[in-house]
Amino acid sequence: MIPAIEKDSLEEIKIFQEKKLAELLAYISENSPFYKRLFAGQNIDISKVKTLEDLQHLPVTTKEDLQQYNDDFLCVPQHKIIDYASTSGTLGDPVTFGLTDSDLDRLAYNEAISFACAGIAEGDLVQLMTTIDRKFMAGLAYFLGLRKLKVGVIRVGAGIPEMQWDSILKYNPSYLITVPSFLLKLIEYAEIHGIDYNNSSIKGAICIGESLREQDFSMNILSKKITDKWNIKLFSTYASTEMSTAFTECEHGKGGHHHPELIIVEVLDENNQPVKNGETGELTFTTLGIEAMPLLRFKTGDMVQFHDEPCACGRNTLRVGPVVGRKKQMIKYKGTTLYPPAMNDVLSSFDNIENHLIEISTNDLGTDEILIKIAVKNQTPEFLQEIKDHFRAKLRVTPKIEFASKEILNPLVFNPMSRKPIRFFDYRS
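Residues numbered from 1 in each chain as written. Predicted model: local features only at pLDDT ≥ 70, side-chain atom pairs only at ≥ 80, totals over all residues. Heavy atoms only, no water.

1. Side note on the sheet that holds strand β21 (residues 424-426)
Here is step 1 of the chain: Taken together, the four strands give an open sheet; going across it, the order is β20-β19-β18-β21, and neighbouring strands pair in mixed fashion. Every other strand in the sheet has two partners, leaving β20 (400-403) and β21 as the edge strands with one partner each. In this sheet, neighbouring strand axes are inclined to one another by 20° on average, regardless of whether the strands run parallel or antiparallel.
Here is step 2 of the chain: Where strand β19 (residues 368-376) meets β20, four bridges bridge the pair, whose relative direction is parallel. Paired with K373 across the bridge in β20 is E402.
Here is step 3 of the chain: Relative to β20, helix α10 (residues 381-395) is tilted by about 150°, and along the sheet it contacts β18 (353-362), β19 and β20. (Pairing = 2+ DSSP bridges. Helix = DSSP H or I, 4+ residues; strand = E, 2+ residues; numbered from the N terminus. Axes fitted to C-alpha atoms, helices over the stretch in contact; angles between N-to-C directions. Contact = heavy atoms within 4.5 Å.)

2. Here's the deal with the layout of surface pockets
Here is step 1 of the chain: By volume, the second largest pocket amounts to about 660 Å³.
Here is step 2 of the chain: Sorting the residues of the lining of the second largest pocket by element identifies α1 (10-31) and β10 (263-268) as the ones contributing at least two each.
Here is step 3 of the chain: No other element matches β10, which puts five residues into the lining of the second largest pocket.
Here is step 4 of the chain: Here the residues of the lining of the second largest pocket are counted per class, giving twelve nonpolar, six polar and six charged. (1 Å grid on protein atoms, 1.4 Å probe; cavity = no way out; pocket = protein on both sides within 12 Å on 5 of 7 lines; lining within 4 Å. Points joined across faces, edges and corners; volume = space filled by probe spheres on them. Nonpolar A, V, L, I, M, F, W, Y, C, P; charged D, E, K, R; others polar.)

3. What about the UniProt feature "domain: AMP-dependent synthetase/ligase" (unreviewed entry) in the chain?
Here is step 1 of the chain: UniProt tags residues 161-285 as "domain: AMP-dependent synthetase/ligase" (unreviewed entry).
Here is step 2 of the chain: In residues 161-285, helix accounts for 25% and strand for 26%; the two terminal C-alpha atoms are 37 Å from one another. (UniProt positions renumbered as here; feature names shortened; annotations may be inferred.)

4. Notes on the environment of V323
Here is step 1 of the chain: The topology assignment puts V323 in the loop between β14 (319-320) and β15 (325-326).
Here is step 2 of the chain: What makes V323 partly exposed here is its relative accessible area of 26%. (Buried < 20%, exposed > 50% of the residue type's maximum accessible area, 1.4 Å probe, protein only.)

5. A short note on the pairing of β19
Put simply, side chains in a regular strand alternate between the two faces of the sheet.
Here is step 1 of the chain: A large share of β19 lies buried, amounting to seven of its nine residues.
Here is step 2 of the chain: By the bridge criterion, nine bridges tie β18 to β19 in an arrangement that is antiparallel. From the neighbouring strand, S361 faces β19, where its bridge partner is E369.
Here is step 3 of the chain: Crossover handedness for the path β19 to α10 to β20: right-handed. (Right-handed = clockwise from strand over helix to strand, strands pointing away.)

6. Digging into the sheet that holds strand β11 (residues 281-287)
Here is step 1 of the chain: An order of β10-β11-β12-β15 is seen for the four strands of this open sheet, with the pairing classed as antiparallel. The open sheet terminates on both sides in strands that have one partner only, identified here as β10 and β15.
Here is step 2 of the chain: With four bridges joining them, β11 and strand β12 (residues 298-304) adopt antiparallel strand pairing. Across the sheet, residue G281 finds its bridge partner in β12, namely V304.

Here's what the structure looks like:
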């Protein structure tokens, strides 16, 4: 199930997107209070925007804009809203998104072609291990997409390894949709309770919320720890509520595939200009085909790289590499630029570490200070020194590290009000 547009040449895709861009600009200038005000205030003539390169003449939209003017982004009357979703609020206050019936159809199409990209097909059975309530768009999107693919869904929800294994052994699903670190908990539970997980029905897992790969697409420590024990395929998928679109890996694992019929993407530098091919910049998108809350040049805060060579799967679309980190979470420490994912990766290599969190603060000199708290099975000064040496070898710097108990860390990391683990706490002034 590869949409024809994704097999077209990059030039054909560009022509298609430019036509859709013109339609979007006409739509938001007519129906969006926010963009109508923005265009008038900056004397923007949308008729002059004819190519993707012309996007650079238009202002960007930020998370702060969404938080401050949330309702002004709505392009339809309230009675046309069928579903209300909200962002997770990882980098600020959550934002509410309304979806019309047409938007829900688009969401289902997006997930259907994304799951098909990962090899899920009619006849498969998928265990959904994420919440579908609490205004969580992703859980609803997964269900709608699988239904559109005519794939069976077991809606177990998040957590509780015993319940997950009871369902796996009873219904024999072929794929799981989950946060990848939770797969380690499934493995641990199976080993303790004598479950032969390598002879289970599971063929693969669609993994959300955490990275599986290094920037060269090799497996990172987390994915190695999973697949060294459990012989299943792992597929990374990247998405957000704001874009209502996913970038999902195919079987070749070389980045998340772009769906050009749904979204225009840019990678921008600090001055909102496109970075050179292969360089890291902030993922910025313009949605196509959204009725209720379309967005123009929305800056995600995620630092990524694009890859534009054709993929062996037959798609010619751009691919988004693993997220390097969140722009607002960038840390300058002793002359080195760090992002939390790199520190998480170092800590994931130690089986003795049961849980961890990272705290960033501003010291007396006005520079960034890092404190990592770890809960371990066996506390020794030698182990602490081993971690510090590993940090120095991998990241060239050694942050302050201290032991803490699971009882203290677990409620912070696994906050019941959050949809995913929270390991980064930013206390900088």
